[in-house]
Amino acid sequence: DWDSDKVLETYLTALARLYDPHSDYEDRDTLENFSIQMSLSLFGIGALLESDDDGYCKIRSLTPGAPAMRSKQFKPGDRIVAVAQGTNEPVDVVQMPLNKVVDQIRGQKGTEVRLTIIPADAVDPSTRKTISVTREEIKLEDQQAKAKLIEMPGADGHNYKLGVIDLPSFYASFAMVGSRSRG
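Residues numbered from 1 in each chain as written. Predicted model: local features only at pLDDT ≥ 70, side-chain atom pairs only at ≥ 80, totals over all residues. Heavy atoms only, no water.

J.: Help me understand the pattern of salt bridges, please; the structure alone is not making it clear to me.
T.: When the charged atoms of two side chains with opposite charge come close together, those side chains can pair. Enumeration over the complete set of coordinates arrives at 5 salt bridges. Note that Glu136 is salt-bridged to Arg70, the shortest N-O span being 2.5 Å. A residue pair is termed long-range when its members are at least 10 positions apart, and Glu136 in strand β8 (residues 136-139) and Arg70 in helix α3 (residues 67-70) qualify at 66 residues. Accessibility expressed as a relative area gives 45% for Arg70, which makes it partly exposed. Of the charged contacts, one joins Asp121 and Lys75 as a salt bridge, the two residues approaching to 3.9 Å between their closest N and O atoms. Here the residue Asp121 occupies a position in the loop between β6 (112-118) and β7 (129-134), and Lys75 occupies one in the loop between α3 and β4 (79-85), the gap between them amounting to 46 residues. (Salt bridge = Lys/Arg side-chain N within 4 Å of Asp/Glu carboxyl O. Helix = DSSP H or I, 4+ residues; strand = E, 2+ residues; numbered from the N terminus. Buried < 20%, exposed > 50% of the residue type's maximum accessible area, 1.4 Å probe, protein only.)

Okay, here's the thing in structure tokens:
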């Protein structure tokens, strides 16, 4: 299931690590995902996807306030069978690697993507529904740093303040050279 870019990335990473164990080679897709992780935002529809055992790309959850949730047409458990860019013909995504499906759903802000799904609550598995959604910037807020202050009573009768910082990942805002999806 690997394309030539992924094979080249694996080979060059192995070669780089031979000389420096902390070096990696990243292809364009890996660089894009790194950029998204570092900036905590992407252009898409706001659906977290996963692959199931039958080769379908399935919606695990929807991002609150994102286009997919606002449309009120998607539900967790819906299976995506085809993706179309704007007015182009749909591309069958059954048995396609998850990262390739995600690449087809992400795109430029303000552009249309059409998803053909099998609804999670469909009685007949041949039921299909096509939903059109406009891509927007999705903020990955669950990965942002969070802080809270907790007041705790001490043994001496005084209240003490305890600061808790949750840092789920490191991130920074910067533009990646050669990035396709930022714009």
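Additional details are given in the paragraphs that follow.
J.: Help me understand the nonpolar core, please; the structure alone is not making it clear to me.
T.: Side chains of a nonpolar character, in soluble globular proteins, are inclined to be buried together. Residues Ile45, Leu49, Phe74, Ile80, Ile105 and Leu115 are the most contacted members of the largest nonpolar core, which totals 18 residues. When contributions to this core are tallied by element, the ones reaching two or more residues are β3 (57-62), β4, α4 (98-105), β6 and β7. Setting aside residues no more than four positions away along its own chain, Ile80 makes contact with Leu49, Tyr56, Cys57, Ile59, Val93, Ile105, Leu115, Thr116 and Ile117. (Core = buried A, V, L, I, M, F, W, Y, C linked by side-chain atoms within 4.5 Å. Contact = heavy atoms within 4.5 Å.)

J.: Quick question: what am I supposed to make of the environment of Ile80 here?
T.: With respect to the secondary-structure elements, Ile80 resides in strand β4. For the pair formed by Ile80 and Thr116, sequence separation is 36 residues and the distance between their alpha carbons is 5.9 Å.

J.: What should I look at first to understand the packing of aromatic side chains in this one?
T.: Think of a pair of aromatic rings as described by two things: how far the centres are apart, and how the planes are tilted against each other in angle. Here the structure, examined in full by the defined rule, presents 0 aromatic pairs. Arg79 extends its terminal NZ or CZ atom over the ring of Tyr56, reaching a point 4.7 Å from the ring centre. (Phe/Tyr/Trp six-rings, centres within 6.5 Å; stacked < 30°, edge-to-face > 60°. Lys NZ or Arg CZ within 6 Å of the ring centre and 35° of its normal.)

J.: Would you mind going over a nonpolar patch on the surface with me for this structure?
T.: Among the surface-exposed residues, Leu8, Tyr11, Leu15, Leu18, Tyr19 and Tyr25 lie close enough to one another that they form a single nonpolar patch of about 680 Å² accessible area. Tracing the chain through its elements places Leu8 in helix α1 (residues 4-19). (Patch = residues over 30% accessible without salt bridge, like charges linked within 9 Å, V, L, I, M, F, W, Y side chains within 5 Å. Areas by Shrake-Rupley, 256 points an atom, 1.4 Å probe, with all protein chains shown as cover.)

J.: What should I look at first to understand the pairing of β6 in this one?
T.: Within a regular strand, the side chains alternate between the two sheet faces. Counting buried positions along β6 yields 5 of 7 residues, so the element is predominantly enclosed. Here β4 pairs with β6 via 6 bridges, running antiparallel. Paired with Arg79 across the two strands is Ile118, which belongs to β6. Examined bridge by bridge, β6 and β7 share 6 bridges and lie antiparallel to one another. Residue Glu112 lies in a different strand from β7, and its bridge partner there is Thr134. (Pairing = 2+ DSSP bridges.)

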